[in-house]
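# Analysis of the macromolecular model
Now for the letters of each chain:
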Amino acid sequence: HALAIPWQTTDVVLAGTGSGLYRTMNRGENWEPFGVGLPSGAVHSLAFDPASDSNVYAGPVLGVYKSTNGGAVWSPSHRGLTQAYVRCLAIPRGATNTVYAGVPGMGVFQSADGGRTWTAMDSGLPDSDIVDLTVRPIFPFTVFVGLRNRGVYKWNDSNFRWVEANAVATRA
């Protein structure tokens with residue numbers, strides 16, 4: 001379901017699967033079940049904080065969970081997303097208290113306080129199945145989201161709304 005590699009450590013990989021969270025410490029040679037505090041079952045999304053390998057977020061069956069020790073122990077971090085299936089997570093470089101969560105059928109949510117609280121970013125976004133989201137590295141508040149059968153939308157931070165980003169630019 002999901003893979004995440006810490007920004008500063010190259011030997012570690014976390015894998016979210018249909019049966020939980022797994023970790024390798026040797027670049028995929030051996031895997032072990034990992035993480036205390038996550039609900040049992042699938043882990044659909046994972047994201048490491050670019051500023052600290054200690055901070056990692058996970059989207060298990062419902063809600064968002066946060067670890068401050070590299071994924072060993074997890075705590076709920078989903079006020080405003082308690083009953084939401086979080087398909088994708090993204091954390092921008094340079095704005096590490098900001099976390100984005102893509103929730104199918106509900107839209108994109110933003111946390112500006114390291115995952116403690118979440119608010120909807122739904123202005124202009126059609127109701128659709130979110131497939132993925134990403135943050136533009138040099139502009140941490142420019143977010144792109146992929147919607148099933150609807151294409152790509154971009155969060156326009158200057159007027160706080162989603163705009164369709166499906167046009168292909170051509171040169172004359």
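Described in the following lines is the structure provided in the data block.

Reading the values: the criteria
Residues numbered from 1 in each chain as written. Predicted model: local features only at pLDDT ≥ 70, side-chain atom pairs only at ≥ 80, totals over all residues. Heavy atoms only, no water. Helix = DSSP H or I, 4+ residues; strand = E, 2+ residues; numbered from the N terminus. Contact = heavy atoms within 4.5 Å. Areas by Shrake-Rupley, 256 points an atom, 1.4 Å probe, with all protein chains shown as cover. Pairing = 2+ DSSP bridges. Axes fitted to C-alpha atoms, helices over the stretch in contact; angles between N-to-C directions. Phe/Tyr/Trp six-rings, centres within 6.5 Å; stacked < 30°, edge-to-face > 60°. Buried < 20%, exposed > 50% of the residue type's maximum accessible area, 1.4 Å probe, protein only.

Attention now goes to the overall build of the protein chain. Looking only at helices and strands, the protein chain features zero helices and 16 strands. Referenced to the eigenvectors of the C-alpha coordinate spread, the extents of the protein chain come out at roughly 50 × 35 × 30 Å. Nonlocal contacts in the protein chain, meaning residues at least 24 apart in sequence, comprise 36% of its contacts between residues at least 6 apart. Taken as a whole, the protein chain presents about 8800 Å² of accessible surface, with 51% of it coming from carbon and sulfur.

Before going further, it helps to examine the sheet that holds strand E13 (residues 130–135). Taken in spatial order, the four strands of this open sheet run E13-E14-E15-E16, and their pairing is antiparallel. The open sheet has two edge strands, E13 and strand E16 (161–164), and neither has a second partner. With strand direction ignored, the average angle separating the axes of adjacent strands in the sheet is 25 degrees. Sheet topology note: the strand E15 (residues 151–156)/E16 ladder contains four bridges and is antiparallel. Note that in E16 the partner of Trp-155 across the bridge is Trp-162.

This part covers the packing of aromatic side chains. Per the stated rule, a full pass over the model turns up one aromatic pair. Centroid distance Trp-155 to Trp-162: 5.3 Å. Interplanar angle 65 degrees. Geometry classified as edge-to-face. Using a relative accessible area of 8% as the deciding quantity, one classes Trp-155 as buried.

Take the pairing of strand E6 (residues 52–60) next. Among the nine residues in E6, seven count as buried, and that is most of the element. Between strand E5 (residues 43–49) and E6, which follow one another and run antiparallel, lie two residues. Pairing of E6 with strand E7 (residues 65–67), which is carried by three bridges, proceeds in the antiparallel orientation. The partner of Tyr-57 across the bridge, within E7, is Lys-66.

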